[in-house]
Amino acid sequence: MTYDIIVLGSGPAGLAAAIAARGRDKSVLVIGNRWQDSPLAKAERVDNYPGLPGRTGLELLEEFYRHAQEAGAEFVTGKALSLLGWNGFSLTVGSQVYQGKALILAPGVVRAAKYPGEAEYLGRGVSYCATCDGMLYRNRPVVVVGKSAHAPEEAVYLQGLGCRVSYAAARRPEELPPDIPFIKAGRLEIVGEGQVRALRADGEEVPCDGVFILRPTMALTDLLPGLETEDGRIVVDRSMATSIPGVFAAGDCTGLSGVWPDAMAQGKAAAWNMAGVEEVYEKPYPFKNTSNFFGVTMLSAGRLDLTEGADVLVHKTAGEYKKAVITDGKLTGYLSLGDISNEGL
């Protein structure tokens, strides 16, 4: 199945986006960690959300999740390991691939910096996916760098494949079986010569052929090379569109810094604006047409000679006009038009 919209992130922004998209009758898949793992879940009391005062953060999130689920959104718990933009978007979670026409990024903030040697040896001994690459290291020594709640489970999976597994982290997780050696370390470095040969843990080298770095989420710039960022945040326009056509973003990843009601507003705006673009360009308009979606004026013309054979949308947000280029039914880019008028189209 190809979903109309895939939402990457199950926190307040992602859940609000899912609810808004279902309100536009779009099929929605939400991919992310458990909603209970959202930072909001740790709030002991929330009094500033209209209509639901005195709730804990966990209670609010349960309400949001139930609303999205009852609206018809589907959920997959897991980490997106790879993303391919071709005829929409294909996301890999574990061994499963999910396809969507458009993508909303709402993963919160990915704060983890890369370890020395991580980028250099990615694909040459460094992996982010035990399910994907585990069989390559059967009967060979590997180290799992556990940064997520599911890392011990992945270590057991690798052990079951026949890998000789060690586990490195700042503290030993309770779920880690006693027969998997534990390495307590705060400073890690991957070293090698063309291929990984060891993990350096607090200065001591642990020989290995593979290092599985298992974080709760992946950096979005690893999933989407070319995604425009600034000071660690995703750059979006007023409609929440990113620099990549068909990709919108909402929440802390855009620089909100934990203001979750604003994150929900952004999630709703991203879904409505995305659904609005789809709703216009999925229909043939041989003439000018004006429609309003969440304060965004969409002006459609059947043919504007921007790209040969392309249909073009012109949409206005807070006085700024942009041409959204549609080629073969796909949103392929934007061009700013500056201050033009409807009559001038």
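Residues numbered from 1 in each chain as written. Predicted model: local features only at pLDDT ≥ 70, side-chain atom pairs only at ≥ 80, totals over all residues. Heavy atoms only, no water.

1. Regarding the confidence of the model for the protein chain
The condition is simple: Summary of the metric used: pLDDT quantifies the predictor's per-residue confidence within the range 0 to 100. Two residues qualify as a contact provided that any one of their heavy atoms is within 4.5 Å of a heavy atom in the partner residue.
Of all residues in the protein chain, 78% attain a pLDDT of 70 or more, and the chain-wide mean is 79. Here residues 278–321 is a poorly scored stretch, pLDDT under 50, and it has 113 contacts once near neighbours within four places are set aside; other chains count. For residues 337–345, every residue scores under 50 in pLDDT, and the model assigns this stretch 16 contacts once sequence neighbours within four places are set aside.

2. Observations concerning the nonpolar core
Selection criterion: We define a nonpolar core as any set of buried Ala, Val, Leu, Ile, Met, Phe, Trp, Tyr and Cys residues linked to one another through side-chain atoms lying within 4.5 Å. Only protein chains enter the accessibility calculation, which uses a 1.4 Å probe; a residue whose area is less than 20% of its type maximum is buried, one above 50% is exposed, and one in between is partly exposed. Put simply, DSSP marks the helices as runs of H or I at least four residues long and the strands as runs of E at least two long, and each gets a number from the N terminus on.
Judged by nonpolar contacts, the single largest core of 38 residues is most densely connected at Val-7, Val-28, Leu-61, Phe-64, Ile-104, Phe-248 and Trp-260. Looking at this core, the elements with two or more residues in it are β1 (2–8), α1 (12–23), β2 (28–32), α2 (57–71), β6 (96–105) and α6 (260–281). For this core, the element with the highest residue contribution is α1, accounting for 8 residues. When near neighbours in sequence (up to four residues on either side) are disregarded, Val-7 contacts Gly-14, Ala-17, Ala-18, Val-28, Leu-29, Val-30, Ile-31 and Ile-104. Core analysis: the second largest hydrophobic core is formed by 23 residues, Leu-223, Leu-227, Ile-234 and Val-247 among them.

3. What about the packing of aromatic side chains?
Each aromatic ring pair is characterised by the separation of its centres together with the angle its planes make. Filter applied, for reference: Each aromatic pair joins two rings of Phe, Tyr and Trp (for Trp, the six-membered one) with centres within 6.5 Å, and gets the label stacked for planes under 30 degrees apart, edge-to-face for over 60, and tilted for any other angle.
Under the criterion given, the structure shown has 4 aromatic pairs. Aromatic pair Trp-35 and Tyr-65: ring centres 5.5 Å apart, planes at 20°, arrangement stacked. Of the two residues, Trp-35 sits in the loop between β2 and α2 while Tyr-65 sits in helix α2, which places them 30 residues apart along the sequence. Among the residues examined, Trp-35 registers a relative accessible area of 13% and is labelled buried. Site record: aromatic cluster; members linked through ring pairs are Trp-35, Tyr-65 and Phe-75.

4. Topic: the pairing of strand β13 (residues 204–207)
Within a regular strand, side chains alternate between the sheet's two faces. Operational definition: The rule for pairing is simple: two strands pair if DSSP sees at least two bridges between them.
Summarising the sheet, strand β12 (residues 195–201) and β13 pair through 4 bridges and their orientation is antiparallel. Along β13, the bridge assignment pairs Ala-198 with Pro-207. Between the end of β12 and the start of β13, which pair antiparallel, lie 2 residues, with Asp-202 showing a positive phi angle near 50°.

5. A short note on the sheet that holds strand β7 (residues 126–127)
Spatial strand order, β7-β14-β8-β9-β10: 5 strands in an open sheet with parallel pairing. On the outer flanks of this sheet lie β7 and β10 (182–184), each paired with one strand and no other. In terms of strand pairing, strand β8 (residues 141–146) meets strand β9 (residues 164–169) through 5 bridges, oriented parallel. Each bridged residue has a counterpart across the sheet, and for Val-142 the counterpart in β9 is Val-165.

6. Description of the pattern of salt bridges
Inclusion rule: Each reported salt bridge corresponds to a side-chain nitrogen of Lys or Arg within 4 Å of a carboxyl oxygen of Asp or Glu.
Evaluation of the coordinates by the stated rule reveals 12 salt bridges. In this structure, Arg-66 and Glu-62 form a salt bridge, with 3.4 Å as the shortest nitrogen-oxygen distance. Taken as a pair, Arg-66 and Glu-62 lie in helix α2 at a separation of 4 residues, close to a single helical turn. The class of Glu-62 is partly exposed, set by a relative accessible area of 36%. Ionic pairing is found between Arg-140 and Asp-209, a salt bridge with its closest N-O pair at 3.1 Å. A residue pair is termed long-range when its members are at least 10 positions apart, and Arg-140 in the loop between α3 (130–133) and β8 and Asp-209 in the loop between β13 and β14 (210–214) qualify at 69 residues. When salt bridges with common partners are traced through the structure, they connect Arg-55, Glu-62, Glu-63 and Arg-66 into a single cluster.

7. Some thoughts on the sheet that holds strand β11 (residues 188–193)
Within a sheet, each strand pairs with its neighbour through backbone hydrogen bonds, oriented either parallel or antiparallel. Here is the rule: Only the stretch in contact is used when a helix axis is fitted, and all axes are lines through C-alpha atoms; the angle between N-to-C directions ranges over 0 to 180 degrees.
Spatial strand order, β11-β12-β13: 3 strands in an open sheet with antiparallel pairing. Looking at the sheet topology across the chains shown, the edges are occupied by β11 and β13. The sheet shows a mean angle of 35° between the axes of neighbouring strands, taken without regard to direction.

8. Remarks on the packing of α1 against α2
Rules: An angle below 35 degrees is read as roughly parallel, one above 145 as roughly antiparallel, one from 65 to 115 as roughly perpendicular, and any other as oblique. If you view the pair so one helix is near and one far, a crossing is left-handed when the near helix is turned anticlockwise from the far one by less than a right angle, and right-handed when it is turned clockwise. Asp, Glu, Lys and Arg are counted as charged, while Ala, Val, Leu, Ile, Met, Phe, Trp, Tyr, Cys and Pro are counted as nonpolar; the rest, among them Gly, fall into the polar class.
Closest axis-to-axis distance for the α1/α2 pair is 9 Å, and the angle between their directions is 30°. Here α1 is positioned roughly parallel relative to α2, judged by the angle of their axes. The crossing of α1 and α2 is left-handed. Residues Pro-12, Leu-15, Ala-18, Ile-19 and Arg-22 of α1 form the contact with α2, whose own contacting residues are Leu-61, Phe-64, Tyr-65, His-67, Ala-68 and Ala-71. Considering only residue class, the contact of α1 with α2 consists of 9 nonpolar, 1 polar and 1 charged.

9. Considering helix α4 (residues 151–161)
Owing to its 3.6 residues per turn, the α-helix brings residues three or four apart onto one side. Every buried residue of α4 is accounted for by Ala-151, Pro-152, Ala-155, Leu-158 and Leu-161. Among the structural elements, α3, β8, β9 and β14 are those in contact with the buried residues of α4. Count one or two residues on from α4 and you reach Gly-162, which has phi positive near 105°.

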